Every structure is written in C-alpha cells, then in structure tokens.
Amino acid sequence: MIAAAGMLLGIGAGYWLPPHGRLARRDRPRPVRRILLPFSGQQISRRSFEAAVRLAKAEDATIMPAFLARVPMNLPLESALPVQCARGMPLLEAIEQRASAQGVSVDSRVGRGRSARDALRKLIEAEPFDRIIVSADEDPRAGLSYEDLRWLLERVPAEILILRPAPEDDRRISAGAVSGHF
Amino acid sequence: MSPAGGQERGSLKVFIGMAAGVGKTFRMLQEGHAELAAGRDVVIGLLETHGRADTAKAAEGLESVALSGIVYRGAAMKEMDTAAIIARAPQLCLIDELAHSNVPGSDRAKRYEDVEEVLAAGIDVLSTLNVQHLESLNDHITELSGVRVRETIPDAILGRAEEVVLIDLTPEALLDRLRAGKIYPAERIDAALNNFFRIENLSALREVALRQVAEEVGAKRLTTELVGSREESFASEAPQAVGERLLALVEPDPRAQRLVRRAWRSAQRLGADLDLLWVRPPGRTLSVDQERSLAALGQLASVLGARLIEEESDDEAAMIKDVAERRGTTYILIGHERPPRGLGRLKVPLPQRLMELLPGVDVRIVADRSRRGNGDAP
C-alpha cells in the first residue's frame, strides 16, 4: 500500500516538476499562437499553406486563413459581398478542411476593405496575431502584390514570412479542393 | 444644433473636396458668416489660408480664437488651442483641415481628435477634408495619382458627421484657378501642374469624391430607415418572408465559421435569407477568445449578408422556437455537438427538442467535414 502510494506520488511529482512537467512549460517563452494566412484571390499557393501547417504543428499554433474581400467604390463599406463570397468561402472551406485533417486548429476570418491591403489593415487592427505568411506572387488572382508585401514589411508589427517565388508555385489550393458537398 | 456648454454632443459638418483649391475653406467661412448673421455665436478655431488673399478676406468679421505656441526642435510653431475654444464656449466653431497632424508635443496627435473634444463639449463644428485623406481610400488614391498622402483619418470620423457637403469643381476649372495663382504661390504652380494637379488625376479624384459622398448619403439613409426596436424590425419583416428562411445556430467558437459558410451556401442555393442565432446563457461572460470569435462571426455575417441575432435565455430550445417563429424560419441548421457529459446525458438532445417544438421546420445537423478522410484534392 505504502509502496503504491509512493509510486503515485513519484509519478505526480515527475509530471509537475521540471524539466518535462507543467512548471517547466510555464517558464518557457510563449509560443506563436496565431498564424495569419491572408488571400484575396480564388486560390492560394500550396507552399504557403504547407508552410503555415508546418509552423502551426511545430508551435502548437492556430492558423487564421483570412479572405480579403474588396468593396467596389460604388458600394458602402459595410456592404454584403455575395459574388466575392461565392469565390472566397469555398476556398476558406478547402483550407480549413485540409488544415483540420492534419490536426491543426483553424480559426477563419473575413476582412473587407476598398482594396486587399485596406481589408488586411482593418483585420490586423482588429485581431492580434503573431505571424503572417504570404507568398511573393504578382499574380493578382493569387492575392497580394509586391507593393502590398512591401507595405506589410513596413507597417505590420509582426513576424512576416514571405515565401520567395519557386517553380512549384503553380501548385495551388483552390475551391476545387473542398471535400464533399459544400 | 445643440447649445454650447450642454452635455449633448455638438454636431459635425464636413466640407469635402477632391483636392486643395476647390473652395472648401471658402464655403466653410461663408457658412460661418451665415450662421453669425442668423444670431449664433461663431468663432474660428483654426484657419489655414495658405497665403490665399481671398480666403483671408472671407474670414474678416469672424472672431478667431488665438492659437497656442509650441516649440518643436527649436522652432516656434502654432497649433489650435482646443482648451481655449472649449473655455470660450461658442455655439459654432470653424476648424479647417480635419486630417492635419499636430506638432509633436501637442496634447493630441491629430486635429480630428481635437475636434472630437470640441464636439464633446457640446460645440458644433464645421470642418474641411480632402477625399484622399480618408484612410480606406488612401491606397486607392495613391494608385490613381501616384502621390501618397501621409495624413489620414479613420473613415468612422466622417461616418459620425451629421452632414457631409461635397464642394465640387470641374478639373478644368480647378486648373484654371491653379494657373491664376489662386491656390499656390507662383513658384509652386509648375510643380503642382506636373505632379498632383494633372487632369487625369483630378478627374479620378473627383469621381472618388462624388462616390464617397453618395455612399455617405446612402449609409445615412439606410441607418434612418433601420431605426426602431428589434421587435418592430421582426414584425415588419416576418410577413414579407416568402419561400425559405434559414436559421443557423452558432456559438462564439471558431467551429461556428464553418457552419455559417455551409448555411450560407445552402441559403444561396435555395434563394433564401439567412439568420444566425446565438442563445447566450444568462450571466455568461465571454473569454477574450470567445469575444473575438463573436466579433468574427458578426463580420462574416455582415459580409455574407446574413443577420446575427443574439438572445439571452436559459432555455435554448424555447428561445430558438421563439426566434424561428418571429423570423419565419423554415430550416434550422445545427453544428455537430459535443457528446453530453454527466447529467446532460439525461436531457433530450437539442435537435429532437426542436423537432417537437417546431413541427413544420426542417432541422439539419451539419457534419464536420474535417473528420472525413481527406484525399489529396487538387
């Protein structure tokens, strides 16, 4: 009986005390918790998505895929945007499904502004995040332009991971990747 | 308009234009004179004449509140004296250039913040603004004109103005004024003509200004139309509900986003309207993450054209029934619930209760697709 109690006490202490236990974890630096993955087009680079998943797994972080909708000048800023949503929502769904299937938690967002950059700025003002992942790609269908990337580097107070263009950039995730009926 | 010194906030009227020189300040001064002639107590809080004789002449006869002096990097500068304006307590104050950034060391960084203080003191304000200073248009106008304006103001400031007046001038007329030296001194005219004041720039800016003001007018009209209690809103809309109307049950949780997207797609296919409902247990306080999730749901609902309804009740099913009846709901969509624990196992599951309470309404449980095997889709 005493031996069993001693063993239980030992296991408990081993769990709570450094270097592997909760006390040790508490002392570690706060991990990156939220990784923003913005897009404004109908597809995103699979490399950026994979980078986001890799980092999220390594850092126990949440991916925040964010669809940036552009409000035409003839509409109020608070307008509903069903046409753009018809393109953006399936892609958000595809990203979320793929990330969830790999065990990564996802918390999607939608930003709205006069331009992709304006939408991103508003989103950044409203939401804290620790890292942003974008790919350097001037294809407007893919999302942010070089000018937008420069703005990000100058103005956004977070760690920014810009993936340089690569031959495999033609591998993209699009709305077609949605699994099942959507 | 409100009396000075009262608790009520003053009203803001903004004269907006496509560029410098269209006559915003002149029009503001004209209106100041008209108000003075009508017997109101009017002062100039700040006037930027930019050396224009016409503008200075138009200000004659209006009392000016003295500016405050600030020394910055050894140089003596002048800024608006907000405290002196509030102490003087006029009924109406004219404050030029709403987007101006104050000299470092001033009490507030931006002039619109000073204007907010003046308004909060119950003093009405007339002010001026160029359209490129609006934050949301800044990038767009930089692309149009190639010139980035550093001083910007949040769109919400203009949104809070009771009146927005567009001072319009054709680009040709503005260029004539520039060439005649009515906007800038002679030595700056050529540079201005070769940079910002090009006819294509001005045409684009004019279009943006016209649209912006049309948007403000439209937004205010909608706000006025939507004023009224929620019950009145429901009552006025329910009889119009023909065909399908979907109601998605959400919680401030990241998983709700997926449910909303699925519900929206279904609503699109059915040509139906979509409502989102969160039944908040009484007294429940939200964590920071939950607050964010709720805000994100509100944003998603707004972009999708859905309505997010928040109701407080300790009887979730009864409240859903109540809202469904008021809204004329024909479909209810529920996300995958966590398995019940403890005494929760004894309760009738929510979908079953809803089917009993709302016999004519379809109840659909939306699957979590991420739990399915995910092949290597394109």
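Please read these numbers as outputs of a predicted model, since none were measured by experiment.

**Looking at the sheet that holds strand S11 (residues 307–312) of chain B**
Residue and element names in this part refer to chain B.
- Taken in spatial order, the five strands of this open sheet run S11-S10-S9-S12-S13, and their pairing is parallel. Looking along the sheet, the strands with just one partner apiece sit at the ends: S11 and strand S13 (362–365). Strand-to-strand, the axes of this sheet are offset by a mean angle of 25°, without reference to chain direction.
- In this structure, strand S9 (residues 245–249) lies alongside strand S12 (residues 331–334), joined through four bridges in parallel fashion. Counterpart to Leu247 in the pairing with S12 is Ile332.
- On top of the sheet, helix H13 (residues 316–327) reaches S9, strand S10 (273–280), S11 and S12; it is set at about 140° to S11, its chief contact.

**Considering the sheet that holds strand S3 (residues 63–64) of chain B**
All names here are of chain B.
- What the six strands build is an open sheet, ordered S3-S2-S6-S7-S1-S8; its pairing is parallel. The strands lining the two open edges of the sheet, one partner per strand, are S3 and strand S8 (163–166).
- Inspection of the sheet shows strand S2 (residues 42–46) paired to S3 by two bridges, in the parallel sense. Bridge pairing in S3 links Ile44 to Ser64.
- Across the sheet, helix H1 (residues 24–37) lies against strand S1 (12–17), S2, strand S6 (92–95), strand S7 (124–130) and S8, angled at about 165° from S7, the strand it touches most.

**A few points about the packing of aromatic side chains**
- Under the definition given, this model contains one aromatic pair over all chains.
- Plain terms: the ring middles of A:Phe39 and A:Phe67 are 5.7 Å apart, the flat faces sit at 35° to each other, and that makes the pair tilted. Remark: A:Phe67 occurs in strand S3 (residues 62–70) and A:Phe39 occurs in strand S1 (residues 34–39); sequence separation between them is 28 residues. Residue A:Phe39 shares its accessibility class with A:Phe67, and that shared class is buried.
- One residue, B:Arg188, lies across the ring of B:Tyr184, its end atom 4.1 Å from the ring centre.

Thresholds applied
Residues numbered from 1 in each chain as written. Chains lettered and ligands numbered in written order. Predicted model: local features only at pLDDT ≥ 70, side-chain atom pairs only at ≥ 80, totals over all residues. Heavy atoms only, no water. Pairing = 2+ DSSP bridges. Helix = DSSP H or I, 4+ residues; strand = E, 2+ residues; numbered from the N terminus. Axes fitted to C-alpha atoms, helices over the stretch in contact; angles between N-to-C directions. Contact = heavy atoms within 4.5 Å. Phe/Tyr/Trp six-rings, centres within 6.5 Å; stacked < 30°, edge-to-face > 60°. Buried < 20%, exposed > 50% of the residue type's maximum accessible area, 1.4 Å probe, protein only. Lys NZ or Arg CZ within 6 Å of the ring centre and 35° of its normal.

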